[in-house]
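Descriptive analysis of the structure
Listed below are the residues making up each chain.
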Amino acid sequence: MVDNKTSIFNVQELRQELILMTINEVVEAMEFKGYNPTSQLVGFLATGDEKYITTFNNSRKKLCCFEKEEIIMAIVNSYLGK
């Protein structure tokens, strides 16, 4: 049976998933290095100072590819189940 429905590609949802995957990778790297990921992420998001994020496994570089507002939006949307 052929499905003739048009698929909808939502770039915003895809980007949010990419951000959340990146956050998970960064959290794992921070835990591995002995940091408290919650405190470090809050420090980064509150101040914008990327020094709160470890350079281990290119975590800082990966996370800083996104705007702070995008990261906050992804976290809030995830929390709210959106």
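If you're wondering where the values come from, they're calculated on a predicted model, not measured in any experiment.

Turning next to the nonpolar core. Among the nonpolar cores identified, the biggest contains 14 residues, and Ile-19, Ile-23, Leu-41, Phe-44, Ile-53, Leu-63 and Ile-71 are the most heavily contacted of them. Looking at this core, the elements that each hand over two or more residues are α1 (11-32), α2 (37-47) and α4 (68-80). A total of six residues in this core trace back to one element, the largest contributor, which is α1. Other than its neighbours up to four places away in sequence, Ile-23 contacts Leu-41, Leu-63, Ile-71 and Ile-75.

The subject of this paragraph is the state of the cysteines. A full pass over the atoms with the stated rule returns zero disulfides. Of the cysteine sulfurs around Cys-64, a residue in no disulfide, the closest is that of Cys-65, at 7.7 Å. Classification of Cys-64 by relative accessible area gives partly exposed; the value is 30%.

We now examine the packing of aromatic side chains. Enumeration over the complete set of coordinates arrives at one aromatic pair. Consider the rings of Phe-32 and Phe-56, whose centres lie 5.1 Å apart with planes at 10°: the pair is stacked. Of this pair, Phe-32 sits in helix α1 while Phe-56 sits in the loop between α2 and α3 (59-63), placing them 24 residues apart in sequence. Take Phe-32: its relative accessible area is 62%, and that puts it in the exposed class. With relative accessibility at 26%, the residue Phe-56 sits in the partly exposed group.

The phi dihedral of Asn-57 is positive, around 55°, even though this residue is not glycine. Mapped onto the fold, Asn-57 is located in the loop between α2 and α3. By relative accessible area, which is 49% here, Asn-57 ends up partly exposed. Backbone geometry places Asn-58, a non-glycine residue, at a positive phi of 60°. Position of Asn-58 relative to the elements: it lies in the loop between α2 and α3.

Cut-offs applied
- Residues numbered from 1 in each chain as written.
- Predicted model: local features only at pLDDT ≥ 70, side-chain atom pairs only at ≥ 80, totals over all residues.
- Heavy atoms only, no water.
- Core = buried A, V, L, I, M, F, W, Y, C linked by side-chain atoms within 4.5 Å.
- Buried < 20%, exposed > 50% of the residue type's maximum accessible area, 1.4 Å probe, protein only.
- Helix = DSSP H or I, 4+ residues; strand = E, 2+ residues; numbered from the N terminus.
- Contact = heavy atoms within 4.5 Å.
- Disulfide = S-S within 2.5 Å.
- Phe/Tyr/Trp six-rings, centres within 6.5 Å; stacked < 30°, edge-to-face > 60°.

Geometric descriptors of this kind do not, in isolation, establish any biological role.
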